[in-house]
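Working through the structure, step by step
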Amino acid sequence: MTKKAIYILSAIAALLLIAFGLQPLKRGTGSDTKTIYQLDKSWPALPESLKLGNPTGIDLDTSQHVVVLHRADRKWPLAGPMPQERIQQKTVLFLDKDNGQLRHSWGNNLFIMPHGLTVDHDNNIWITDVGLHQVFKFSSEGKLLLSWGEAGVAGSDSTHFNMPTGVAVADDGTFYVSDGYGNSRIMRFAADGKYLSEWGKKGNKAGEFNIPHGLALDHHGFVYVADRENSRIQVFSATGRFIKELSGNWGTINSVDFDPLRLQLLASDDIAFLKLKHRGSDILIFDTAGRVQTRIGRSGFYNGSTAWYHDLATDKAGNIYVSDIQGNTIQKFKKITK
């Protein structure tokens, strides 16, 4: 079956789900007691000369290389404006998923405050920069293909962003931008970059956001939004119709990811005192009804140092990779089935 045929069938299935009032994550399977995750303390194996800064974005390409976005020596200002100078070091790292060694890197002199990273099905690298108020699309070798937004200029119209946080790309090339710290909206663009639509505003009601911090798409094209400061995940149709929200006993939601092989939704949270002292993060793995069936981190399986998980991704084997911006580390949790 061709990729186009698969997309058409997926689109038809999504329309049927909406037409008959069905929802993603419909039936629950309860707590998972058979799968455990073990922290791989030998991963990654970065060269001593590489100083890893805040690793804010993480994803895998089609060859299962782990792609990491980090800020090198750049720090988020606690007060005052964003820096003006571009980061001099290479900020995009490609790591071997098995041994954690650095394969290649690029991204120097490109970004001011890089935030989100997504790898699409063609291995293009999408990056948001909250300092430049822009979204970028690069080849896997680091060639700039397209950009959106005006460098250093915040705005709320269809051609500007205000500190965009993340990108999600559908199989047909349609992409979504969570915009973000300033605008509290989700923007939808065609594969050629043309603006299509948007939804959301600041608030805590259905369809409103308080820092939409990350995005994910499932196998039906539903859009999952990490509504960070509302401590929830909101689910929408491909065109922005509100479907449901997931909320529970967790902290602020930093990121979401969808594992298409196991049809699982994952997220990372964070608990902090007055946004200053972070008490730790969990990786949350949901069952098919949107209930948390497994926790990794602060609450279970792994009792290591306190971390602040900013982003996460899964490989084809079900192993989970997370970026910790408190310890400036990248962690790999190996999936082990009893």
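For the structure, check the block above.
Here's a quick rundown of the structure.

1. Digging into the sheet that holds strand β16 (residues 232-236)
Strand order in the open sheet formed by four strands is β14-β15-β16-β17, with antiparallel pairing between adjacent strands. With one partner strand each, in any of the chains shown, β14 (212-217) and β17 (242-247) form the two edges of the open sheet. Averaged over all pairs of adjacent strands, the angle between strand axes in this sheet comes to 20°, irrespective of strand direction. Pairing between β16 and β17: five bridges, direction antiparallel. Within β17, the residue paired with Arg232 across the bridge is Ser247.

2. Some thoughts on the pairing of strand β4 (residues 92-95)
Put simply, side chains in a regular strand alternate between the two faces of the sheet. Burial of β4 is two-sided: the residues Val92 and Phe94 facing one way and the residues Leu93 and Leu95 facing the other way are all buried. Strand direction decides the pairing type here: strand β3 (residues 66-70) and β4, joined by four bridges, are antiparallel. The partner of Val66 across the bridge, within β4, is Leu95. Where β4 meets strand β5 (residues 102-106), four bridges bridge the pair, whose relative direction is antiparallel. In the sheet register, Leu95 faces β5, and the bridge partner there is Leu102.

3. A few points about unusual backbone geometry
One can expect most non-glycine residues to show negative phi and most peptide bonds to be in trans. Between Trp43 and Pro44 the backbone carries a cis peptide bond, its omega angle lying at 0°. You can see Pro44 is positioned in the loop between β1 (35-39) and β2 (55-60). Backbone torsion omega between Asp179 and Gly180 reads -20°, so that peptide bond is classified as cis. Its place among the elements puts Gly180 in the loop between β11 (175-179) and β12 (185-189). Backbone geometry places Ile211, a non-glycine residue, at a positive phi of 70°. One can find Ile211 in the loop between β13 (195-199) and β14. Unlike most non-glycine residues, Ser231 shows phi in positive territory, near 55°.

4. Points about the pattern of salt bridges
One pass over the full model with this rule turns up 13 salt bridges. The partner of Arg103 in a salt bridge is Asp96, and the shortest N-O contact between them spans 3.7 Å. Exposure remark for Asp96: the relative accessible area of 16% places this residue in the buried category. With its nearest N and O atoms 3.9 Å apart, the salt bridge here joins Lys201 to Glu208. Three or more residues are tied together by salt bridges with common partners; here these are Asp269, Asp282, Arg295 and Arg298.

Definitions and limits used
Residues numbered from 1 in each chain as written. Predicted model: local features only at pLDDT ≥ 70, side-chain atom pairs only at ≥ 80, totals over all residues. Heavy atoms only, no water. Pairing = 2+ DSSP bridges. Helix = DSSP H or I, 4+ residues; strand = E, 2+ residues; numbered from the N terminus. Axes fitted to C-alpha atoms, helices over the stretch in contact; angles between N-to-C directions. Buried < 20%, exposed > 50% of the residue type's maximum accessible area, 1.4 Å probe, protein only. Salt bridge = Lys/Arg side-chain N within 4 Å of Asp/Glu carboxyl O.

Interpretation in functional terms is not warranted from these geometric data alone.
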